[in-house]
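# Structure at a glance
Listed here are the chains, written in short residue letters.
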Amino acid sequence: QVQLAESGGGLVQPGGSLRLSCAASGITFSYYVMGWYRQAPGKQRELVAVITSGGRTNYVDSVKGRFTISRDNAEKLVYLQMNSLKAEDTAVYYCNAQFGGMNYWGKGTLVTVSL
């Protein structure tokens, strides 16, 4: 009954922008640390950005200054605004929710950065 549903992925040119959304249901959303992870074919999954229930954010070095994670607790949404996209950002992006020992994942949305 817990669901994390990502949307907003697609094809974008290098230097372009996309905004990913993750809609949560079945959890007390405001309690959870929310994060975005990504995984490219042949590579391991990596944490891209995280936002705590209090709004503190952290980013992997490779996206600092380009990506912004945000959340809307009233609407149970988390966003990842991605600017100045690079080819190496191409990956399936996954929404994650954590609270204590609970850990949930979305199905992922594909972002392809290519000419």
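The structure reproduced in this document is the subject of the present report. Remember, it's a predicted structure, so these values are computed and weren't measured experimentally. (Residues numbered from 1 in each chain as written. Predicted model: local features only at pLDDT ≥ 70, side-chain atom pairs only at ≥ 80, totals over all residues. Heavy atoms only, no water.)

## Thoughts on the state of the cysteines
Summed over the entire model, instances satisfying the criterion amount to one disulfide. Disulfide pairing places Cys-22 opposite Cys-95 at an S-S distance of 2.0 Å. One quick way to see it: the torsion about the S-S bond of Cys-22 and Cys-95 is about -85°, and its sign makes the bridge left-handed. Of this pair, Cys-22 sits in strand β3 (residues 18–25) while Cys-95 sits in strand β9 (residues 91–99), and the two are 73 residues apart along the sequence. (Disulfide = S-S within 2.5 Å. Helix = DSSP H or I, 4+ residues; strand = E, 2+ residues; numbered from the N terminus.)

## Here's the deal with the packing of aromatic side chains
Overall, the coordinates contain four aromatic pairs when judged by the stated rule. Where Tyr-31 meets Phe-99, the ring centres are 5.5 Å apart and the plane angle is 40°; that geometry is what we call tilted. Of this pair, Tyr-31 sits in the loop between β3 and β4 (33–39) while Phe-99 sits in strand β9, placing them 68 residues apart in sequence. Here Tyr-31 falls in the partly exposed class, since its relative accessible area comes to 49%. What makes Phe-99 partly exposed here is its relative accessible area of 40%. With 4.8 Å between their ring centres and 65° between their planes, Tyr-37 and Trp-105 make a pair best called edge-to-face. Placement of the pair is Tyr-37 in strand β4 and Trp-105 in strand β10 (residues 102–105), with a sequence separation of 68 residues. Its relative accessible area of 17% is what places Tyr-37 among the buried residues. (Phe/Tyr/Trp six-rings, centres within 6.5 Å; stacked < 30°, edge-to-face > 60°. Buried < 20%, exposed > 50% of the residue type's maximum accessible area, 1.4 Å probe, protein only.)

## Points about the environment of Arg-19
In this structure, Arg-19 sits in strand β3. Ignoring sequence-local partners within four residues, the contact set of Arg-19 consists of Ser-7, Gly-8, Tyr-79, Leu-80 and Gln-81. (Contact = heavy atoms within 4.5 Å.)

## Quick word on the pairing of strand β11 (residues 109–113)
Residue alternation in β11 divides its side chains into a buried set, Thr-109, Val-111 and Val-113, and an unburied set, Leu-110 and Thr-112. The sheet contact formed by strand β2 (residues 10–12) and β11 spans three bridges and is parallel. Paired with Gly-10 across the strands is Val-111, a residue of β11. Across three bridges, the pairing between β9 and β11 is antiparallel. Residue pairing in the sheet places Tyr-93 in a bridge with Thr-109 of β11. (Pairing = 2+ DSSP bridges.)

## Describing a nonpolar patch on the surface
Together, Tyr-31, Phe-99 and Met-102 make up an exposed nonpolar region whose accessible area comes to about 310 Å². Mapped onto the elements of the fold, Met-102 is located in strand β10. (Patch = residues over 30% accessible without salt bridge, like charges linked within 9 Å, V, L, I, M, F, W, Y side chains within 5 Å. Areas by Shrake-Rupley, 256 points an atom, 1.4 Å probe, with all protein chains shown as cover. Salt bridge = Lys/Arg side-chain N within 4 Å of Asp/Glu carboxyl O.)

## Notes on the side chain of Arg-66
As for its placement among the helices and strands, Arg-66 is situated in the loop between β6 (57–59) and β7 (67–72). A polar contact is formed between the side chain of Arg-66 and the backbone oxygen of Ser-84, at a distance of 3.0 Å. Dropping the residues within four chain positions of it, Arg-66 is found in contact with Gln-81, Met-82, Asn-83, Ser-84, Leu-85, Lys-86 and Asp-89. (Polar contact = N/O pair within 3.5 Å; in protein donor to acceptor, adjacent residues only side chain to side chain.)

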